[in-house]
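Listed here are the chains, written in short residue letters.
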Amino acid sequence: DTGVSQDPRHKITKRGQNVTFRCDPISEHNRLYWYRQTLGQGPEFLTYFQNEAQLEKSRLLSDRFSAERPKGSFSTLEIQRTEQGDSAMYLCASSSDSSNQPQHFGDGTRLSIL
Amino acid sequence: QKEVEQDPGPLSVPEGAIVSLNCTYSNSAFQYFMWYRQYSRKGPELLMYTYSSGNKEDGRFTAQVDKSSKYISLFIRDSQPSDSATYLCAMRGLNTGTASKLTFGTGTRLQVTL
């Protein structure tokens, strides 16, 4: 069990550029979640996958955001035409499908928009 | 009004003190309650995970849930400087569909001084 892995740890980009983050969940966890955390706030839910199916998206996930989990293993989160307000920590979490198991988080990708 | 309220602190205590951290919530559908610890520039780390009302103890940590009052607490005994971190409460409904997502408080920043 190597934990949830996220890459890159920090991304700096100019406004208007596209960025993509990757999350590798704990092996055999078939549930995967993306959250966003801004300074001084708790994480806010963005989207949720069970295996390769995206089952829920928050209204925070605008049309510029897209997430995929093509083979039910790793996931990617892409932000197109980045804006200043996208600056945040993007956290990934995973859990098993056994009933009522907790979510375990990675160390996040910190996005800074210049 | 937020679904989960948590005092952001900061809370400063001397080493060895008993720390009490609290959250209140408004959504009666919440059934599972968690406490996460987050160090600077790291992801949330699961500390305690409880279901419904009652107490749970793990080493120096005790979690309490009072569903009738919609109030949860985390107690830390014999606090250490290494406990200095932000403590996030989180909760969710039953593990079906959209109820899987976590709703977090803002986090309480704790500083344990020598």
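Worth saying up front: this structure is predicted, and the values here are computed from it rather than measured. (Residues numbered from 1 in each chain as written. Chains lettered and ligands numbered in written order. Predicted model: local features only at pLDDT ≥ 70, side-chain atom pairs only at ≥ 80, totals over all residues. Heavy atoms only, no water.)

### Digging into the overall build of chain A
Heads up, the condition is: Secondary structure elements follow DSSP: runs of H or I of four or more residues count as helices, runs of E of two or more count as strands, with numbering from the N terminus. Restricting the calculation to C-alpha atoms gives the radius of gyration, and the globule rule supplies 2.2 Å times the number of residues raised to the power 0.38.
In terms of helices and strands, chain A carries zero helices and eleven strands. Element order for chain A, N to C, with α for helix and β for strand: β-β-β-β-β-β-β-β-β-β-β. For 114 residues, the compact-globule estimate of 2.2 N^0.38 gives 13 Å, and the C-alpha radius of gyration of chain A, at 13 Å, lies within 12% of that figure. Taken over the C-alpha atoms alone, chain A extends approximately 40 × 25 × 20 Å along its principal axes.

### Examining the overall build of chain B
Our working definition: Whether a residue is buried, partly exposed or exposed follows from its accessible area with a 1.4 Å probe, protein chains only, as a fraction of its type maximum: under 20%, in between, or over 50%, in that order.
When helices and strands are counted, chain B shows zero helices and eleven strands. When the elements of chain B are put in sequence order from the N terminus, they spell out β-β-β-β-β-β-β-β-β-β-β. Taking 13 Å as the expected radius of gyration for a compact globule of 114 residues, we find that chain B reaches 14 Å, a close match to that expectation. Taking the principal axes of its C-alpha atoms as reference, chain B extends roughly 45 × 30 × 25 Å. Burial statistics for chain B: of 114 residues in total, 46% are counted as buried.

### Thoughts on the sheet that holds strand S7 (residues 61-66) of chain B
All names here are of chain B. What counts, and what does not: By the convention used here, strands pair only if DSSP detects at least 2 bridges between them.
One open sheet accounts for five strands, arranged S1-S3-S8-S7-S6; its pairing is antiparallel. Here the strands that pair on one side only, and so sit at the sheet edges, are strand S1 (4-5) and strand S6 (54-58). Here two bridges tie S1 to strand S3 (residues 19-25), and the two strands are oriented antiparallel to one another. Residue pairing in the sheet places Val-4 in a bridge with Tyr-25 of S3.

### A short note on the pattern of salt bridges
The condition is simple: Salt bridge, as used here, is a side-chain nitrogen of Lys or Arg placed within 4 Å of a carboxyl oxygen of Asp or Glu.
All told, the structure shown has eight salt bridges over all chains when counted by the stated rule. The salt bridge involving Glu56(A) is made with Lys101(B); its shortest N-O contact spans 3.7 Å. One end of the pair, Glu56(A), is in strand S6 (residues 53-57); the other, Lys101(B), is in the loop between strand S9 (85-92) and strand S10 (103-104), on a second chain. The buried category is assigned to Glu56(A), whose relative accessible area is 14%. The salt bridge involving Asp107(A) is made with Lys42(B); its shortest N-O contact spans 3.6 Å. You can see Asp107(A) sitting in the loop between strand S10 (104-105) and strand S11 (109-113) and its partner Lys42(B) sitting in the loop between strand S4 (32-38) and strand S5 (45-51), one on each of two chains. The exposure class assigned to Asp107(A) is partly exposed, which follows from its relative accessible area of 26%.

### Examining the state of the cysteines
As a reminder, the rule being used: Whenever a pair of cysteine sulfur atoms sits within 2.5 Å, that pair is classed as a disulfide.
Applying the stated criterion across every chain yields a total of two disulfides over all chains. There is a disulfide in this structure between Cys23(A) and Cys92(A), and the S-S distance comes to 1.9 Å. Between Cys23(A) and Cys92(A) the disulfide shows an S-S torsion of about -70 degrees. By sign, it is left-handed. Taken together, the residues Cys23(A) in strand S3 (residues 19-24) and Cys92(A) in strand S9 (residues 88-95) connect sequence positions 69 residues apart. Take Cys23(A): its relative accessible area is 0%, and that puts it in the buried class. Covalently, Cys23(B) is tied to Cys89(B) through a disulfide, its sulfur atoms 2.0 Å apart.

### Comments concerning the side chain of Gln50(A)
Residues and elements named next belong to chain A. As a reminder of what qualifies: Whenever a nitrogen or oxygen atom comes within 3.5 Å of another N or O atom, the pair is scored as a polar contact, on the condition that within protein one atom can donate a hydrogen and the other can accept it, and that pairs from neighbouring residues in sequence are kept only if both atoms are in side chains. Here, two residues are considered to be in contact whenever any of their heavy atoms come within 4.5 Å of each other.
Residue position: Gln-50 is located in strand S5 (residues 44-50). At 3.0 Å, the side chain of Gln-50 and the side chain of Tyr-48 are in polar contact. Apart from the residues within four sequence positions on either side, Gln-50 is in contact with Asn-30, Arg-31, Leu-55, Arg-69 and Asp-97.

### Section: the interface of chain B and chain A
Applied cut-off: Under the grouping applied here, Gly and all other residues not named as nonpolar or charged are polar, the nonpolar ones being Ala, Val, Leu, Ile, Met, Phe, Trp, Tyr, Cys and Pro and the charged ones Asp, Glu, Lys and Arg.
Counting from both sides, the interface comprises 21 residues of chain B and, opposite them, 25 residues of chain A. Taken together, the connections running from chain B to chain A amount to two salt bridges. Applying the counting rule to chain B against chain A returns eight residue pairs in polar contact (both at pLDDT 80 or more). Contributions of two or more residues to the side of chain B that touches chain A are made by S4, S5 and S9 of chain B. In terms of residue count, the dominant contributor to the side of chain B that touches chain A is S4(B) (three residues). For the side of chain B that touches chain A, a count of residues per class yields eight nonpolar, eight polar and five charged.

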